[in-house]
Protein chains: 2
Amino acid sequence: MSVKYYYSNVLKYVSNEEIDSLEAKALDARSKLLNKTGKGNDFVGWVKWPREITQSEVDDIITTANDLRKLGNILVVCGIGGSYLGTKACDSMLSDYYDNNPYKLIYSGKSFSSTEMSETLEYLKDKDFSVVCISKSGSTTETAISFRFLRNLLKKKYPTDYNKHIVAITSKENSSLDTLSKKEGYKEFFIPDDIGGRYSVLTAVGLMPLAFRGYAINKILSGAKDALDEFEKKDFSENPMLKYASVRILLSAKGYSVELLAAYEEKLRYIGEWWKQLFGESEGKEHKGIFPASVIYSTDLHSMGQYVQDGQRFLFETVLNIRNPKFDIVNGFDQDDIDNLNYLFGKKLDYVNRQAMTATAIAHVEGGVSNAIIDIEKLDEYNFGYLVYFFMASCGVSGYLLDVNPFNQEGVEAYKKEMFKLLGKPIK
Amino acid sequence: MSVKYYYSNVLKYVSNEEIDSLEAKALDARSKLLNKTGKGNDFVGWVKWPREITQSEVDDIITTANDLRKLGNILVVCGIGGSYLGTKACDSMLSDYYDNNPYKLIYSGKSFSSTEMSETLEYLKDKDFSVVCISKSGSTTETAISFRFLRNLLKKKYPTDYNKHIVAITSKENSSLDTLSKKEGYKEFFIPDDIGGRYSVLTAVGLMPLAFRGYAINKILSGAKDALDEFEKKDFSENPMLKYASVRILLSAKGYSVELLAAYEEKLRYIGEWWKQLFGESEGKEHKGIFPASVIYSTDLHSMGQYVQDGQRFLFETVLNIRNPKFDIVNGFDQDDIDNLNYLFGKKLDYVNRQAMTATAIAHVEGGVSNAIIDIEKLDEYNFGYLVYFFMASCGVSGYLLDVNPFNQEGVEAYKKEMFKLLGKPIK
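Bear in mind that the values here come from a model prediction, so they are computed numbers and not experimental data. (Residues numbered from 1 in each chain as written. Chains lettered and ligands numbered in written order. Predicted model: local features only at pLDDT ≥ 70, side-chain atom pairs only at ≥ 80, totals over all residues. Heavy atoms only, no water.)

## Overview of the overall build of chain A
Phase 1 of the analysis: Each helix and strand in chain A was counted, giving 16 helices and ten strands.
Phase 2 of the analysis: The C-alpha radius of gyration of chain A comes to 23 Å, within 12% of the 22 Å expected for a compact globule of 428 residues.
Phase 3 of the analysis: Dimensions of chain A along its principal axes, counting C-alpha atoms only, are 65 × 60 × 45 Å.
Phase 4 of the analysis: Counting only contacts in chain A whose residues sit at least 6 apart along the sequence, the fraction spanning at least 24 positions is 79%.
Phase 5 of the analysis: When the accessible area of chain A is evaluated, it comes to approximately 14,500 Å², of which 49% is carbon and sulfur surface.
Phase 6 of the analysis: In chain A, the 53 positive side-chain charges and the 58 negative ones have mean positions that sit 5 Å from each other. (Helix = DSSP H or I, 4+ residues; strand = E, 2+ residues; numbered from the N terminus. Rg over C-alpha atoms; globule rule 2.2 N^0.38 Å. Contact = heavy atoms within 4.5 Å. Areas by Shrake-Rupley, 256 points an atom, 1.4 Å probe, with all protein chains shown as cover. Lys, Arg positive; Asp, Glu negative; His and termini not counted. Charge placed at Lys NZ, Arg CZ, Asp CG, Glu CD.)

Dropping the structure here:
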């Protein structure tokens, strides 16, 4: 019940009857996910994962994180795509704007930028740090290159026990990272074979670096578990995940081809990035799928707002609302009132933010953009876990309603294939 | 000549003949911009601005920045939309990943987030700082609210000379911020009436905070001036700004409705955000306009890449390429080669990045997404100035080709109007 879905501002665009007409298909999609009988059914391990992860694995993750904290206050997350976006989304959502947590995450292995790699190595050279390398196959080029540089720096800094500074999160089978780990003696965690990158934030992939930062990972899992319960048990009429999936597919069928995930809080910017991978990579195939974009309001009302209000009419909006802000502050009184703000005297700033949200919904719906709300209680671990499961479940259903396999990503291979040709990579 | 435009990977989608057929219209659009005879001609002050800004204004900006540096190492940029995005774009492009510049910019006044405001005030309360408040009218609600909080904190910290810690950048006419500045004795800079927010980065709006950070603002202007020369003087056949504008309008007419600005360097992320405002707010009107989105590759090839390769076919790509990276690094040799990377031994990482870029272009063009390149020499002030002028000039031409007024933004008023109703703002 932590996350709610409100869609009254969609009903000008799709009717309740249309939504209800998808009930059977949505329930069928859910059952395929729960029973592993749909497309890509070898990659639905994430569906019941919040129940299946064992407390001993969770404890092992926490212990490992604490061990690394003793070796230095920096953990380099070496990974790309789903191997870092969930971690970054959670950390951005839950940390302070002016973060003074002594334990820091930095990100590497997510590009071929020589400037980024050089500046990262320069930054790390006189600091105590560890590395968590995250790659299912071990052969992701961006990540493998960075890991080789980082490993060499660790060897130089800690000749006798550099391997204690490394944790590998990889697949049990056919992973060169697993082979390397066993040879060099890194602590390992295994990603279940039936959980793909963009659905992996609730495994060690996300939990291990988040535990290093000090987040209560048990609470993340507890939120996800409650979301799974709700997904599994609630009827269509009361099931926010089935409803969200149905509404977006109906909008898409009517030519609304771009979904804007909007939040009125900068801390949710990387939730948007994570969400874009989840939906874009799950649905963007066979020349189908809704194009996912994200904005932070009200700031982006002053950049993208004009387009949303008056541009091409193929957008719909989904707003992430936080019911209780972390901090609130009351607008004051000014003797002179030259800035004409005294009309807000005594009103809380979050109240103003909420009016901006309501006003924007009115203006956008009037302008031709529907506006649904996904409502979360507050910014904490439990709600993060709930929210990511909410989106993963919705995305699985949505993909099945679209009749694609939401769990593969063959298109990602296309640039790699061309790149390996250009680089002359030997074929094994 | 600093910025080039390559479009051979567009010619599968639009022909050279089609591009040439736009010559007369593009030249006409340029002439309207230069001679102030097109739509929105009261807002084309930016066109010759790089020539018109006086050295004494530039010197005044630098002196003011240096004065503020003596009062504390933090400058709060209080502004929204075009009042901060250009500054942030430049600073992100030119600063180190692990920045150790002692002079810092922080951003406020760009949202109604009570959490952001509270954490900012908490962070600042025991630090020495100044504020630059940027608002043409002074009545932008987000900015005015934040400025009131920040002003009160400054008054508390520096009771006798808090006004020395404040710089106002505003309009000469009808600005409540101007009134307040004159009453309280803030240093002021004026934004020319004929330059709108998203075209203002080359005025004090961007230059003042960038000078505080220590950037050579004369070089930014020098780059912009050279871009203006090129824009003004070069024939259509050799004019990259006219070509870029023409290509995107032709693509748009063929149903390619989403433009993805892609860069292979994380430092360009906020160039993307600035660009989205520039084009989205200029063109997104009368139910027209290309929807602007941005990605950072190769990282986002592992999130949005699947969609770009295989999703709905209404995308086209424009890639920002940096010819010379700030730093490069050579891939090493590993005795065991368990990670199978020795085939890259001796090759520079920027070379690999470049192959990824070429490979991605091949894969995407094959998959149905055209791929043009905007090529800049390197990450420095001169190239920043050149690039932003390049985009502004292209955007002006593009807007005229689309037959909209690229210099208004009436749609932004819609949410404000509804918000003021909800908040009960008195009508003056």
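Alright, that's what it looks like, and here's the rest.
## Considerations on the domain arrangement of chain A
Residues and elements named next belong to chain A.
Phase 1 of the analysis: In terms of domain boundaries, chain A breaks down into domain 1 (3-41 + 221-401) and domain 2 (49-217).
Phase 2 of the analysis: Relative to domain 2, the C-alpha centre of domain 1 lies at a distance of 30 Å.
Phase 3 of the analysis: Taken together, the 32 residues of domain 1 in the interface contact 26 residues of domain 2.
Phase 4 of the analysis: Summing both partners gives a buried area of about 2,700 Å² for domain 1 against domain 2, and 65% of it is carried by carbon and sulfur.
Phase 5 of the analysis: The salt bridge involving Asp194 is made with Lys36; its shortest N-O contact spans 4.0 Å. (Domains from an automatic or database assignment. Buried area = accessible area lost by both parts, 1.4 Å probe. Salt bridge = Lys/Arg side-chain N within 4 Å of Asp/Glu carboxyl O.)

## Focus: the packing of aromatic side chains
Phase 1 of the analysis: Applying the stated criterion across every chain yields a total of 49 aromatic pairs over all chains.
Phase 2 of the analysis: Ring centres of B:Tyr5 and B:Tyr7 lie 5.6 Å apart, and the angle between their planes is 25°; this geometry places the pair in the stacked category. Considered together, B:Tyr5 and B:Tyr7 belong to a single accessibility category, that of buried residues.
Phase 3 of the analysis: Judged by centre distance (5.6 Å) and plane angle (45°), the rings of B:Trp275 and B:Phe279 are tilted. Within this pair, B:Trp275 and its partner B:Phe279 are both found in helix 12 (residues 269-283), separated by four residues, close to a single helical turn.
Phase 4 of the analysis: B:Trp275 sits in the buried class, given a relative accessible area of 0%.
Phase 5 of the analysis: An aromatic cluster is defined as three or more aromatic residues linked by ring pairs; in this entry it consists of A:Tyr5, A:Tyr7, A:Tyr244, A:Trp274, A:Trp275, A:Phe279, A:Phe390 and A:Phe391.
Phase 6 of the analysis: One cation-aromatic arrangement involves A:Lys127 over A:Tyr123; the distance from NZ or CZ to the ring centre is 4.0 Å. (Phe/Tyr/Trp six-rings, centres within 6.5 Å; stacked < 30°, edge-to-face > 60°. Buried < 20%, exposed > 50% of the residue type's maximum accessible area, 1.4 Å probe, protein only. Lys NZ or Arg CZ within 6 Å of the ring centre and 35° of its normal.)

## Comments concerning the relation of the copies chain A and chain B
Phase 1 of the analysis: When chain A is fitted to chain B, the best match, at an RMSD of 0.0 Å, comes from turning it 180° and sliding it 0.0 Å along the axis. Both copies are brought into coincidence by an operation consistent with a two-fold rotation axis. Across chain A, the rotation axis passes nearest the C-alpha of A:Ala293, at a separation of 3.6 Å.
Phase 2 of the analysis: Comparing interface residues between copies, 100% of those in chain A also sit at the interface in chain B, which points to an isologous, same-surface contact. (Least-squares fit on C-alpha atoms with pLDDT ≥ 70 in both.)

## Observations regarding the interface of chain A and chain B
Phase 1 of the analysis: In this complex, chain A contributes 123 residues to the contact, which on the side of chain B involves 124 residues.
Phase 2 of the analysis: Contact with chain B buries area across many residues of chain A, yet A:Tyr98, A:Arg148 and A:His302 alone supply 8% of it, more than any other trio.
Phase 3 of the analysis: Linking chain A with chain B are 16 salt bridges.
Phase 4 of the analysis: Across the salt bridge formed by A:Arg151 and B:Asp339, the nearest N and O atoms sit 3.0 Å from each other.
Phase 5 of the analysis: Per element, the largest residue contribution to the side of chain A that touches chain B is 13 residues, and it comes from helix 14 (residues 349-367) of chain A.
Phase 6 of the analysis: Looking at the side of chain A that touches chain B residue by residue, the class counts come to 52 nonpolar, 38 polar and 33 charged. (Nonpolar A, V, L, I, M, F, W, Y, C, P; charged D, E, K, R; others polar.)

## Considerations on the sheet that holds strand 8 (residues 291-296) of chain A
Residues and elements named next belong to chain A.
Phase 1 of the analysis: With mixed pairing, five strands are arranged side by side in an open sheet as 1-10-9-7-8. Taken across any chain shown, the strands that pair with only one partner, and hence form the sheet edges, are strand 1 (4-6) and strand 8. Recorded for the sheet is a direction-independent mean angle of 20° between the axes of neighbouring strands.
Phase 2 of the analysis: Relative to strand 10 (residues 371-376), strand 1 runs antiparallel, the two sharing three bridges. The residue bridging Tyr6 from the neighbouring strand is Ile373, located in strand 10.
Phase 3 of the analysis: Those strands touched by helix 15 (residues 381-401) are strand 1, strand 7 (258-263), strand 9 (315-322) and strand 10, and its axis lies near 140° from that of strand 10. (Pairing = 2+ DSSP bridges. Axes fitted to C-alpha atoms, helices over the stretch in contact; angles between N-to-C directions.)

## Structural notes on helix 9 (residues 204-213) of chain B
Residue and element names in this part refer to chain B.
Phase 1 of the analysis: Among the ten residues that make up helix 9, ten are buried, leaving the element largely enclosed by the rest of the structure.
Phase 2 of the analysis: Turning to helix 9, its buried residues number three or more, namely Ala204, Val205, Gly206, Leu207, Met208, Pro209, Leu210, Ala211, Phe212 and Arg213.
Phase 3 of the analysis: With its phi angle positive at about 100°, Gly214 sits one or two positions after the end of helix 9.

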